[in-house]
Structure formats: structure tokens, C-alpha cells
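# Tertiary structure, described
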Amino acid sequence: MATNGNSANGTGAERSKTGIKVIIVGAGFGGLAAAIECHRNGHDVEIYEAFPELKVLGDIISFGPNAGRIFYRWNNGQVAKRMRALSIDLSSYGFNIHKYDTGEIVINQKNPRYSEESAAYNGHRGELHQVIFDYARDELGIPIHLNNRIEQYFEEDEQSGIILENGERVTGDIVIAADGVRSRAREIVLGYEDKPKSSGYAVWRTWFPNKDMLADPLTAHFCNNGDTFNGWIGPDMHFLFSTIKNGSDCCWVLTHPDTHDIKESWSFPGKLSEVKEAIKDWDPLVTRIVEKTPEDQLVDWKLVYRDPLPTWVSPKARVLLLGDSAHPFLPTSTQGATQALEDGVTIAICLRRAGKAGIPAAVRAHEKIRYERVKQVQKTGESTRDMWHKADWDKVKENPESIQLPRAEWITNHDAEKHAEEVFDAVLKEVSAA
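The protein chain is annotated in an unreviewed UniProt entry as FAD-binding domain-containing protein of Phialemonium atrogriseum. The record held by UniProt for the protein chain lists under Sequence similarities (unreviewed entry) the comment "Belongs to the paxM FAD-dependent monooxygenase family."

Written out as C-alpha cells, the structure reads:
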């Protein structure tokens with residue numbers, strides 16, 4: 001059975017080898033975090049990724065302080081330091097929340113002061129991903145096999161694995177599927193193929209340089225004053241606009257109702273004409289911002305819904321769903337990527353504590369530790385969206401704080417590593433007795 005429960009140190013030094021071979025599918029934030037944490041905990045780990053090369057794409061992504069604690073433990077805080085240099089700094093600006101039609105600032109929500117050891121990070125998805133990818137591959141030496149599409153997952157009593165598109169079979173002691181909402185591992189876990197559904201919403205999203213914003217006297221102030229964050233809240237829609245890197249880059253997302261069917265793809269080129277039609281009755285300043293957007297940088301992203309899964313674990317407990325593969329989040333939770341990181345920390349610790357002979361029990365213990373927390377955090381995405389989209393402006397006028405972006409301490413103060421170490425023995429006993 002297991003090694004002792006002492007917490008993995010924050011120096012980046014990994015523990016003694018466990019002999020557990022972990023195969024991770026997907027080199028997104030969740031897959032990379034799981035690989036790094038497995039490496040720290042002494043497991044042999046490799047990543048398989050379908051994309052042929054890493055591209056610095058996307059727009060803004062948010063990580064809460066509960067992710068900041070994880071990042072800070074990597075390489076003596078050096079990974080966090082690199083991410084901080086690429087992230088938005090709202091310590092003085094805060095978050096201005098505007099009424100959608102008049103444009104008035106209802107409230108300026110101050111940014112919480114977080115310690116260096118548990119900072120929040122908001123930056124370009126591709127740039128932050130590059131930092132973590134390079135740390136995993138180049139500094140830790142974790143093998144990342146790009147251009148390897150997975151055709152099938154399989155499991156046996158003592159091992160599990162994947163079959164690649166070229167027919168190659170790769171086996172290990174456990175497979176962690178961190179390959180998103182389309183993961184083929186969902187079928188082996190559920191016993192059937194489930195289909196994504198429309199959440200009823202989509203987001204237009206973009207990232208672009210500040211040149212045209214600076215040329216307009218009505219929008220230049222967003223870029224001349226460092227990093228900024230503004231939101232316009234309206235009926236069944238909300239528009240979030242940020243400037244970052246001292247005002248040099250701009251990004252916005254507009255969550256809007258969507259009735260299109262979800263088929264093979266849910267990311268489409270966006271049309272500025274559709275955006276402007278949707279906001280025609282809004283504060284004209286929103287339209288001025290939208291007009292500065294290069295249309296070739298605009299994406300219309302369908303927010304996919306999945307029924308909550310009864311389990312993330314395959315029948316023999318040798319395949320585990322992680323991150324979006326297990327639990328997709330709405331953007332309004334601001335916790336989707338962070339919860340994937342917490343997953344990675346937890347499974348790595350559970351595997352070490354249970355040892356090579358106890359892998360199925362470790363996987364079930366991981367699910368037990370994570371399931372209810374994830375379920376409760378997921379709900380905050382819906383509640384925040386509904387709070388904004390169904391705002392009673394008379395009540396908001398009486399209590400402006402009622403429309404602030406929630407930052408619940410039970411979410412942000414969580415230390416996934418500390419928690420997993422503390423509860424593992426009791427949870428292992430519980431799942432073993434079931």
C-alpha cells in the first residue's frame with residue numbers, strides 16, 4: 001500500500017518513483033497539469049495529443065487562486081512568475097459593471113488582494129498554455145506525442161490503454177482522458193455514446209491589438225490606462241471587455257442566446273453584423289468597441305451542455321475522465337480550467353497514496369473526493385449567468401453589490417493538494433468497503 005501522506009513539497013522536486021505508468025490523452029491545461037502532478041508524485045507519465053503542433057490561439061482564460069496555489073508549487077514559483085508577466089493586473093482598476101442600455105457604471109467591484117502563493121491569473125489562453133506546455137516538455141522532460149489521434153480506449157483487469165489512428169497500441173496502468181467534451185473515453189465509462197446538447201447560449205469571442213481603439217477618442221481611454229475590465233449586463237446577454245498587457249491587447253466575449261443544433265462542430269467564424277444587431281439597443285460604446293474588431297479574429301462558440309455523468313470512472317477503474325471530458329463548465333463560473341487542475345492534483349496524489357497495487361481504488365477515491373465539489377462549483381456558472389441575464393434593475397439600484405461577480409471563498413480558498421492528502425485514507429476506506 002501506499003507511501004506516507006506527507007504533502008509533496010513546493011520546490012518542484014518530484015518524489016521517489018512509484019512504478020505506476022500513466023497515459024494522458026490531451027495536452028490542454030487539464031492534461032498538462034495532470035502530467036506535471038503525476039511527475040511530481042513519482043509516476044511515469046506520457047501525453048498523447050491529436051493536434052500536430054502547438055499554436056498560440058484563443059482569447060482570455062481565467063484561473064482562480066485555487067489554481068494559483070497549484071502553479072506556485074511548480075519549480076519554486078518560477079512557472080507562476082512567467083504566467084504573472086502575461087496576465088492582466090486589475091489591482092487598481094477592478095471590474096466596472098455597466099447597465100446595458102445607459103452605460104452607467106452600476107458598481108466598481110474591487111479586485112481581491114491575493115498573495116503571491118495563491119494569485120489569480122487572467123491572460124491569453126494560448127500564451128499561458130505555452131508556458132505550461134514548455135515547462136512540462138522541456139524542463140520536466142515529460143514525453144508529449146503530438147499528431148496522435150486516439151481511435152479507441154480499452155481496459156483490462158491489470159492495465160488499460162489507447163489505440164492510435166495508425167493502429168499502434170499504447171498500454172499503461174491507467175489512462176487519464178483529458179481530451180475534452182468529445183472524448184471517446186466517455187463511451188467506455190458510460191457504456192454508450194452520449195451526444196452533446198446546446199446549452200441555449202453561445203459566445204462571440206475575440207482578441208485583437210489596440211491600434212483602432214487608440215485612434216478613437218471615445219475608446220482610447222481603455223488602452224491608455226493600463227489593464228482594464230468592464231462588463232455590460234443586459235437581458236439574456238452580457239458583454240465582457242478587457243485590455244491587457246498595459247492596454248496593448250484587447251479582448252471581449254459576448255454571451256448570447258443561441259438555438260442552433262449542435263452537430264459535429266460548435267465553433268464558427270463570427271459575423272460582426274450579427275453582433276451589432278444583437279446589441280443595437282445597448283450603450284453605443286459597446287458598438288464602438290465591437291466595430292474595432294477584425295472580423296477574421298471573431299469566433300462564434302456554442303456553449304455545449306452535457307448531462308451530469310453518474311461516474312467519471314470506467315468499470316474496471318483503469319480509465320478516468322478529467323476536466324471537460326468529465327464536467328464541462330460554463331464560462332460564467334470562471335472555474336472550468338481551474339477545476340481541471342484540481343482534478344490533476346487529486347488523481348496524482350491518490351495514485352501515489354494507494355500504490356501500484358491499488359490503482360482501481362485510487363481512481364474511485366479520486367472521484368469520491370472531487371465529485372460533489374465539482375458539482376457545486378458547476379452550478380455557480382448557471383447562477384451567475386442567470387443573476388446577470390435576469391437582473392431586476394430597480395433592486396440592483398437599491399443594492400449594487402447584488403450584481404457583482406461572485407468570488408466564493410469556499411471555492412477560491414481550496415487547496416486541492418492539502419485536501420487530498422488529508423482525506424485520502426478515510427475516502428479509500430469508504431470506497432474499498434463499498
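Read on for the rest.
On to the nonpolar core, then. Ranked by internal contacts, the top residues of the largest apolar core, which has 82 residues, are Phe 63, Phe 71 and Ile 162. For this core, the element with the highest residue contribution is helix H10 (residues 336–354), accounting for nine residues. Discounting chain neighbours no more than four positions away, the residues touching Ile 162 are Ile 23, Val 25, Tyr 48, Ile 150, Gln 152, Tyr 153, Phe 154, Glu 168, Arg 169, Val 170 and Val 175. Within the second largest apolar cluster, 42 residues are counted, among which are Val 253, Ile 279, Trp 393 and Leu 405.

Moving on to helix H2 (residues 65–72). Extensive coverage of H2 is indicated by the burial of seven of its eight residues. Where H2 is concerned, the buried positions are Pro 65, Asn 66, Ala 67, Gly 68, Arg 69, Ile 70 and Phe 71.

As a further point, take the packing of aromatic side chains. Both the distance between ring centres and the angle between the ring planes are used here to describe each pair of aromatic rings. For the coordinates displayed, the defined rule picks out 11 aromatic pairs. Relative to Tyr 371, the ring of Trp 312 lies with its centre 5.2 Å away and its plane at 35°, an arrangement referred to as tilted. Within this pair, whereas Trp 312 is found in the loop between strand E17 (299–305) and strand E18 (319–321), its partner Tyr 371 is found in helix H11 (residues 359–389), the two being separated by 59 residues in sequence. Of the residues examined, Trp 312 reaches a relative accessible area of 3% and is grouped as buried. Looking at Tyr 371, the relative accessible area reads 22%, which means it is partly exposed. Members of the aromatic cluster, each reached through a chain of ring pairs, are Phe 29, Phe 63, Phe 71, Trp 74, Tyr 121 and Tyr 135. Positioned above the aromatic ring of Trp 393, the side-chain terminus of Lys 99 is 5.5 Å from the ring centre.

Rules and cut-offs
- All residue numbers refer to positions counted from 1 along the written sequence of the respective chain.
- Given that this is a predicted model, residues contribute local features only at a pLDDT of at least 70 and side-chain atom pairs are listed and counted only at 80 or more, while totals for whole chains, interfaces and linings are drawn from all residues.
- Only hydrogens and water are set aside; all other atoms, that is, all heavy atoms of the structure, feed into the side-chain values.
- UniProt positions are given in the numbering used here, feature names are shortened, and annotations may be inferred rather than shown by experiment.
- Residues belong to one nonpolar core when they are buried, are Ala, Val, Leu, Ile, Met, Phe, Trp, Tyr or Cys, and are joined through side-chain atoms within 4.5 Å.
- Remark: exposure states derive from per-residue accessible area (1.4 Å probe, protein chains only) relative to the maximum for the residue type, with buried under 20%, exposed over 50%, and partly exposed in between.
- Going along the chain from the N terminus, every DSSP run of H or I of four or more residues is numbered as a helix, and every run of E of two or more is numbered as a strand.
- What makes two residues a contact is simply this: any of their non-hydrogen atoms within 4.5 Å.
- The criterion for an aromatic pair is that two Phe, Tyr or Trp rings (for Trp, the six-membered ring) have centres within 6.5 Å, with stacked assigned to planes under 30 degrees apart, edge-to-face to planes over 60 apart and tilted to the rest.
- Both a distance and an angle decide whether a charge sits over a ring: NZ of Lys or CZ of Arg must be within 6 Å of the ring centre and within 35 degrees of the ring normal.

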